[in-house]
Amino acid sequence: MANRHAPAASLLFLLSLTAGLAQTQAPLALRGTLVAPGQVLPDGVLVVSGNKIAAVSAAGAVTGSAPIETGSFIYPGLIDLHDHITWNVLPRWKPSQLFMNRYEWQQTAAYSVALDQPHYAVTSDHALACDADRFGEVKAIVGGATSVVGGLAPTSGSNDNACILGLTRNLDIDGGFDASALNKEKVWYVTFPFKMSLTATDEARSGLDSGAVTALLIHAGEGRPGDASAAREFAMLDKGGDGLLRAGVSVIHATAFNAADFQQMAKAQVGLIWSPRSNIELYGATTDVGSAKAAGVKIAIGPDWSPTGSDGMMEELKYAATWNADQEPPVFTSAELVGMATAVPAQLAAAGNEIGSLASGFYADLLLIRKTGTDPYQALLQAGPADVRLVMIGGKPVYGDADLMDRLLPQRTLEELTVCGVAKKLYLEPQTGIPETQKSFRQISSELEAALSSWGTSLAELAPCASGNLP
Ligand SMILES: [Zn+2]
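The structure presented is a predicted model; accordingly, all values stated were derived computationally and were not measured.

Cut-offs and rules
Residues numbered from 1 in each chain as written. Predicted model: local features only at pLDDT ≥ 70, side-chain atom pairs only at ≥ 80, totals over all residues. Heavy atoms only, no water. Helix = DSSP H or I, 4+ residues; strand = E, 2+ residues; numbered from the N terminus. Buried < 20%, exposed > 50% of the residue type's maximum accessible area, 1.4 Å probe, protein only. Contact = heavy atoms within 4.5 Å. Areas by Shrake-Rupley, 256 points an atom, 1.4 Å probe, with all protein chains shown as cover. Lys, Arg positive; Asp, Glu negative; His and termini not counted. Charge placed at Lys NZ, Arg CZ, Asp CG, Glu CD. Phe/Tyr/Trp six-rings, centres within 6.5 Å; stacked < 30°, edge-to-face > 60°. Lys NZ or Arg CZ within 6 Å of the ring centre and 35° of its normal. Donors = N, O, S within 2.8 Å, 3.2 Å for Na, K, Ca; no water. Expected span 1.5 Å × (residues − 1). Core = buried A, V, L, I, M, F, W, Y, C linked by side-chain atoms within 4.5 Å. Pairing = 2+ DSSP bridges. Axes fitted to C-alpha atoms, helices over the stretch in contact; angles between N-to-C directions. Salt bridge = Lys/Arg side-chain N within 4 Å of Asp/Glu carboxyl O. Disulfide = S-S within 2.5 Å. Parallel < 35°, antiparallel > 145°, perpendicular 65-115°, else oblique. Left-handed = near helix turned anticlockwise from the far one by under 90°. Nonpolar A, V, L, I, M, F, W, Y, C, P; charged D, E, K, R; others polar.

### Quick look at the overall build of the protein chain
Here's step 1: Assigned secondary structure in the protein chain consists of 16 helices and 17 strands.
Here's step 2: The proportion of buried residues among the 471 residues of the protein chain is 54%.
Here's step 3: Within the protein chain, contacts between residues separated by at least 24 positions form 67% of all contacts whose residues are at least 6 apart in sequence.
Here's step 4: Total accessible area on the protein chain stands at roughly 19100 Å², and carbon and sulfur atoms take up 54% of it.
Here's step 5: Taking the average location of the 32 positive side-chain charges in the protein chain and that of its 47 negative ones, the two points are 4 Å from each other.

Written as structure tokens, this is what we have:
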């Protein structure tokens, strides 16, 4: 019986697969205000074909079937180059003191109990580790991101982290580009660069020179400005000119670095990834981005993690915009801040020709925000989670308002999700042969909630709905 039925089942599977492909490959036109490189098209149409953007134009230039009116500002999806995805299942951590540097808080009992122990417990269990990554990626998407780094790494060189596939791009693990392969990306993300073995350091350095490594994103100089141990990491990176200060490298944090350091970074074409909220919550101060910008360093923004940083890219942008408005004079324009979450991180991740811009030939990674006012840059900096109309990754709608999701994915079973009181829908595309990807978000959340409460903590919020998070 089983053998006789097998061909019919395969045929059915093939037919449904073909139908699925046809559905995603039909060109799709979205009408709204387009934030394109160097210009805003107030009444524009963006055409998606397959996983790429096929055209970006003024509405009058479009012929053919009527585009979908989105009532939105349409941006490139946000690119998060500084995160620790599995930690974002843990609630906010509010230590009772400020610290001098990261080595100080990492040694406290309070950190161990609130964060390190429950995180270790979650990630030591394969199913929960997958749940944590997928919860964290959904959280990133709800916060406007289409690409992240710092997701679930494989254990001991195996590919047992395949459960991360199907949500955001994981630029350092599997970017989801046409040439991507799991755990073989050329973007390296390093939390403890000074713990790298000599072999790994040599491999990174020669890889950058040969092109085997296209981007190296490393944490360094994380501490209060002037803190000696964090500041000396600049010399450790530089190694008298023979270290990791070279093109393709971006330093995460650099809070303890000074203007002279930034001038040297700019000269070496080293980028900076800025995480103001986490810095200010832990150290009471953040990176001297004014000096970094004046020196000509390319600066991207990232939330770090949600325990002391932001819940996602939109919230971190809002935090940065509020901080920026308090500076005399402000360091960045609103368009520059939006660029620090889109085109600049794409360049720092060596993907500046693939993502981060609304341009023909780029991957169709989109963020749509409900249209309020006329300035799309200001609108994104002020938007909250409820304002997200749609997140599309590689031409696939993943999350958004029910009307748009239902219209774009009429054949799919979508999961209802209430975010800050607003009804949204989510599509977690199941990956063939990876059972962890068949779980609903509700199931993932309840498994995490049960485990975390048994360890004396609770599951983090999915999105920041209350105000009062600003500096
Ligand atoms: Zn970090």
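There's plenty left to go through after this.
### Structural notes on the packing of aromatic side chains
Here's step 1: The tally for this structure, following the rule as stated, stands at 13 aromatic pairs.
Here's step 2: Relative to Tyr363, the ring of Phe177 has its centre 5.1 Å away and its plane inclined at 50 degrees; by these criteria the two rings are tilted. Remark: Tyr363 occurs in the loop between helix H13 (343-348) and strand S13 (366-370) and Phe177 occurs in the loop between strand S7 (169-170) and strand S8 (187-190); sequence separation between them is 186 residues. Accessibility classification places Phe177 together with Tyr363 in one group, the buried group.
Here's step 3: With a centroid separation of 5.2 Å and 90 degrees between ring planes, the pair formed by Phe234 and Phe257 is classed as edge-to-face. Note that Phe234 is positioned in helix H7 (residues 233-238) and Phe257 in the loop between strand S10 (249-253) and helix H8 (259-267), a separation of 23 residues in sequence.
Here's step 4: Take Phe234: its relative accessible area is 6%, and that puts it in the buried class.
Here's step 5: Overall, Phe257 belongs to the buried group, its relative accessible area being 4%.
Here's step 6: Grouped by ring-pair contacts, the aromatic residues Trp87, Trp93, Phe99, Trp105, Tyr111 and Trp305 constitute a single cluster.
Here's step 7: For the cation-ring pair, Lys195 lies above Phe192, with the distance from its terminal atom to the ring centre recorded as 4.4 Å.

### Some points on the coordination of the zinc ion
Here's step 1: Protein coordination at the zinc ion comes from His82 (NE2), His84 (NE2) and His219 (NE2), with a distance range of 2.0 to 2.1 Å.
Here's step 2: Spacing between the donor residues of the zinc ion along their common chain follows H-x1-H-x134-H. Of this pair, His84 sits in the loop between strand S5 (78-80) and helix H2 (102-106) while His219 is found in strand S9 (residues 215-220), placing the two residues 135 residues apart along the sequence.

### With respect to helix H4 (residues 126-142)
Here's step 1: Over its 17 residues, H4 runs 24 Å from end to end, which matches the ideal 24 Å to within 8%, given 1.5 Å per residue.
Here's step 2: The buried fraction of H4 is high, at 15 of 17 residues.
Here's step 3: Following H4 by one or two positions, Gly144 adopts a phi angle in the positive range, close to 100 degrees.

### Thoughts on the nonpolar core
Here's step 1: Ranked by size, the top nonpolar core spans 89 residues in total, and within it Met265, Tyr399 and Leu448 carry the most contacts.
Here's step 2: For this core, the element with the highest residue contribution is H4, accounting for seven residues.
Here's step 3: With residues near it in sequence (within four places) discarded, Met265 still touches Phe234, Leu245, Val251, Phe257, Val270, Gly271, Leu272 and Val297.
Here's step 4: Of all hydrophobic cores here, the second largest spans 23 residues; its members include Ile68, Ala359, Phe362 and Leu368.

### Description of the sheet that holds strand S1 (residues 28-36)
Here's step 1: One open sheet holds the nine strands; their spatial order is S3-S2-S1-S4-S13-S14-S15-S17-S16, and the pairing between them is mixed. Taken across any chain shown, the strands that pair with only one partner, and hence form the sheet edges, are strand S3 (52-58) and strand S16 (415-419). The average undirected angle you get between the axes of adjacent strands in this sheet is 30 degrees.
Here's step 2: The sheet contact formed by strand S14 (residues 388-393) and strand S15 (residues 396-401) spans four bridges and is antiparallel. By the bridge assignment for S15, Leu390 is matched with Gly400.

### Comments concerning the pattern of salt bridges
Here's step 1: The full count for this structure, using the stated rule, is 21 salt bridges.
Here's step 2: A salt bridge links Asp178 to Lys52, with the shortest nitrogen-to-oxygen separation between them at 3.8 Å. Of the two residues, Asp178 sits in the loop between S7 and S8 while Lys52 sits in strand S3, which places them 126 residues apart along the sequence.
Here's step 3: Since its relative accessible area comes to 24%, Lys52 is described here as partly exposed.
Here's step 4: Asp401 serves as the salt-bridge partner of Arg389, at 3.0 Å between the closest nitrogen and oxygen. One end of the pair, Arg389, is in strand S14; the other, Asp401, is in strand S15, with 12 residues separating them in the sequence. Exposure class is identical for Arg389 and Asp401. Each is buried.
Here's step 5: Members of the salt-bridge network, linked through shared partners, are Arg370, Asp387, Arg389, Asp401, Asp403 and Lys424.

### What to know about the state of the cysteines
Where two cysteines share a covalent bond between their sulfur atoms, that bond is called a disulfide.
Here's step 1: Under the criterion given, the structure shown has two disulfides.
Here's step 2: The partner cysteine of Cys130 in its disulfide is Cys163, sulfur to sulfur 2.1 Å. One quick way to see it: the torsion about the S-S bond of Cys130 and Cys163 is about -85 degrees, and its sign makes the bridge left-handed. Of the two residues, Cys130 sits in helix H4 while Cys163 sits in the loop between strand S6 (145-148) and S7, which places them 33 residues apart along the sequence.
Here's step 3: According to the relative accessible area criterion, Cys163 is buried, its value standing at 2%.
Here's step 4: If one numbers only the bonded cysteines of the protein chain, in the order they occur, the disulfide pattern is 1-2, 3-4.

### Quick notes on the packing of H4 against helix H16 (residues 441-454)
Here's step 1: One can describe the packing of H4 onto H16 by two numbers: an axis separation of 9 Å at closest approach and a directional angle of 120 degrees. Judged by the inter-axis angle, H4 sits oblique to H16. Between H4 and H16 lies a crossing whose hand is left-handed. Seen from H4, the contacting residues are Leu128, Asp131, Ala132, Arg134, Phe135 and Val138; seen from H16, they are Phe441, Ile444, Ser445, Glu447, Leu448 and Ala451.
Here's step 2: Looking at side-chain class alone, the contact of H4 with H16 contains eight nonpolar, one polar and three charged residues.

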